[in-house]
Amino acid sequence: MRKLLGTTAEYAIRYLEGLDTRKVAPTAEAIANLTQFDEPLPNESVDPKLVLQLLDKVGSPASMAMAGSRFFGMVTGGSLPVALAANWLAAAWDQNSVLYRVTPGTAFVEQVALRWLLDILHLPAQCGGAFVTGATMANFTALAAARHAILQQEGWNVEADGLFGAPPITVAVSEEAHPSLLKALGLLGLGRSRVIKIPVDKQGRMRPEAIQLLTRPAIICTQVGNVNTGACDPVGEICDRAKVMGAWVHIDGAFGLWANAAPSLKHLTAGVEKANSWATDAHKWLNVPHDCGLAFVRDEWALQAAMAITADYLPTLSNQRNPSDYTPELSRRARGVEVWAVLRSLGRSGLADLIERTCHYARHFAKELKAAGYTILNDVELNQVLVSFGNAETTHQVIADLQAEGTCWCGGTVWQGQTAMRICVSSWATTDADVEKSLAVILRIANKYCSRQYQAA
Ligand SMILES: *Cc1c(COP(=O)(O)O)cnc(C)c1O
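So, here's what we can say about the structure. Note that the structure is a prediction, hence the values are computed from the model and not measured.

**Here we look at the overall build of the protein chain**
- In terms of helices and strands, the protein chain carries 13 helices and 11 strands.
- Since a compact globule built from 457 residues should have a radius of gyration of about 23 Å, the 23 Å found for the protein chain is in line with a globular shape.
- Considering only C-alpha atoms, the protein chain reaches an extent of 70 × 60 × 45 Å along its principal axes.
- Expressed as a percentage of its 457 residues, the buried residues of the protein chain come to 53%.
- In the protein chain, of all internal contacts separated by at least 6 residues, the share reaching a separation of at least 24 is 74%.
- Looking at the protein chain as shown, the accessible area adds up to about 20,400 Å², and 55% of this sits on carbon and sulfur atoms.

**With respect to the site of the ligand**
- Taken together, 14 residues lie around the ligand, and Thr-136, Asp-252, Asp-281, His-283 and Lys-284 are the ones closest in.
- Within the backbone of Ala-135, one N or O atom sits 2.9 Å away from an oxygen atom of the ligand.
- Residue Asp-252 places a side-chain N or O atom 2.7 Å away from a nitrogen atom belonging to the ligand.
- When the ligand is considered free in solution it has 380 Å² of accessible area, and contact with the protein chains removes 85% of it.

**Section: the side chain of Glu-110**
- Position of Glu-110 relative to the elements: it lies in helix H5 (residues 104-120).
- Assessed through its relative accessible area of 1%, Glu-110 is described here as buried.
- Engagement of the side chain of Glu-110 in a polar contact is seen with the side chain of Arg-332, the distance being 3.0 Å.
- Within polar-contact distance, the side chain of Glu-110 engages the backbone nitrogen of Gly-336 at 3.1 Å.

**Some points on a nonpolar patch on the surface**
- On the surface, Ile-31, Leu-34, Phe-37 and Leu-55 cluster together into a nonpolar patch covering about 330 Å² of accessible area.
- Along the chain, Leu-34 falls in the loop between helix H2 (28-32) and helix H3 (48-59).
- Given a relative accessible area of 32%, Leu-34 falls into the partly exposed group.

**Some thoughts on the sheet that holds strand E4 (residues 218-223)**
- The seven strands are arranged E1-E7-E6-E5-E4-E2-E3 in an open sheet whose pairing can be described as mixed. This sheet does not close on itself; its edge strands, each paired only once, are strand E1 (128-132) and strand E3 (196-198). Pairs of neighbouring strands in the sheet enclose a mean axial angle of 20°, with direction left out of account.
- Two strands pair when backbone bridges link them, and strand E2 (residues 170-174) and E4 are joined in this way by four bridges, in the parallel orientation. Bridged to Thr-170 within E4 is Ala-218.
- Helix H6 (residues 135-152) contacts E1, E4, strand E5 (248-252), strand E6 (277-281) and strand E7 (293-297) of the sheet and is inclined by roughly 175° relative to E5.

**Section: the environment of Val-244**
- In this structure, Val-244 sits in helix H9 (residues 235-245).
- Accessibility expressed as a relative area gives 75% for Val-244, which makes it exposed.
- As for Val-244 and Leu-213, which are separated by 31 residues in sequence, their C-alpha atoms are 9.2 Å apart.

**Topic: the pairing of strand E11 (residues 418-424)**
- Of all the seven residues making up E11, six are buried; the element is thus mostly covered by neighbouring parts of the structure.
- Between strand E10 (residues 411-415) and the antiparallel strand that follows it, E11, lie two residues; Gln-416 among them carries a positive phi value of about 45°.

Rules behind the numbers
Residues numbered from 1 in each chain as written. Predicted model: local features only at pLDDT ≥ 70, side-chain atom pairs only at ≥ 80, totals over all residues. Heavy atoms only, no water. Helix = DSSP H or I, 4+ residues; strand = E, 2+ residues; numbered from the N terminus. Rg over C-alpha atoms; globule rule 2.2 N^0.38 Å. Buried < 20%, exposed > 50% of the residue type's maximum accessible area, 1.4 Å probe, protein only. Contact = heavy atoms within 4.5 Å. Areas by Shrake-Rupley, 256 points an atom, 1.4 Å probe, with all protein chains shown as cover. Near = heavy atom within 4 Å. Polar contact = N/O pair within 3.5 Å; in protein donor to acceptor, adjacent residues only side chain to side chain. Patch = residues over 30% accessible without salt bridge, like charges linked within 9 Å, V, L, I, M, F, W, Y side chains within 5 Å. Salt bridge = Lys/Arg side-chain N within 4 Å of Asp/Glu carboxyl O. Pairing = 2+ DSSP bridges. Axes fitted to C-alpha atoms, helices over the stretch in contact; angles between N-to-C directions.

Shown next, in the form of structure tokens:
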């Protein structure tokens, strides 16, 4: 065992150290080599050492270098070394972090991590919280608590009696709601399409004055951190309006909520603490390994009422927090350990620095691309940059060439009808040098096409 785990740690360290000098995307050859995995299921056992050898030899090169410093796709933080190390140790513990009485260590560490999260994100200290797989499940979890609370006010127990015959719930979402939020609504029986869509401004921010009086019981789903522009809904104003209507306000802050931990960005998320529930991702801007999402609910009892189960074989202690009373899952790994480790290591100032530094890099990308004559489609307030290299075809071509060249990786999107390349900076590992190196390649590729365009004109 010692040899196997030691060797594997060496593979992992060598992999991470090699990220700087390899292409970000896996090469065609590495992808073709994946067929080496495509063998018949073995009948006999083999030495685990050989299994890990194969995994490293074929699997490592076929990975996308998301853990590296120049992956600017999706919203992907790398793993801080302290988070990865804590993840390794917690995996060795292999705690089924369900009940305090059975796994007190991880249950307690998660409790501390939750308290710190509420503190660093400036959310109400009395919130209940849950460690889940990602923002999709965090949206689901928080909205399940919402569904419970607002139907209970109408004298309806949704967990016991379901939605058939229940008072209808009005759900308002932004026109720019993330598709995963709509999916969560679908899973909850509230309907992906059975929603009132609130119009947005040019940056994708919900327009609060467009929220009409909603029939109770009602939920308003807002967003801080639009996945394209990074824009944040004016949540403070929305919460004030919702309060008058007696509506529950949920915030999808998958990455944007972390701005509330950074003094220079906090104005963007002003008023978030007024909401009823929140969803965010630790595997995005907190830079813990996938997967780790977080749900917070102001009324802890509503979250518990939606999630807790009891069974005679599950020993509980009524005076201790059982993680499974707050999560959709029963058996689960102790995700909170990595979160605790990052917060313990970075502290308030370290997290603020991580958030502010990555936003600074996004602004630098935007400034240089604009100076070179390209169009930035969004106000770069957070860590997202949308750049157009002229028409859709040229922009697609630049993205494809950039991905093939391999110095960095950016994806594409369509923002309000315009095709754009998305640059999202979320990793602790990104440095000034990474940004300069990436900019040089982006500009070299873009200039090639754009000077050709000028020649044709
Ligand atoms: C990423 C993202 C999600 C989905 O998060 P997962 O962790 O992939 O489930 C939801 N909402 C927003 C705004 C996001 O950026």
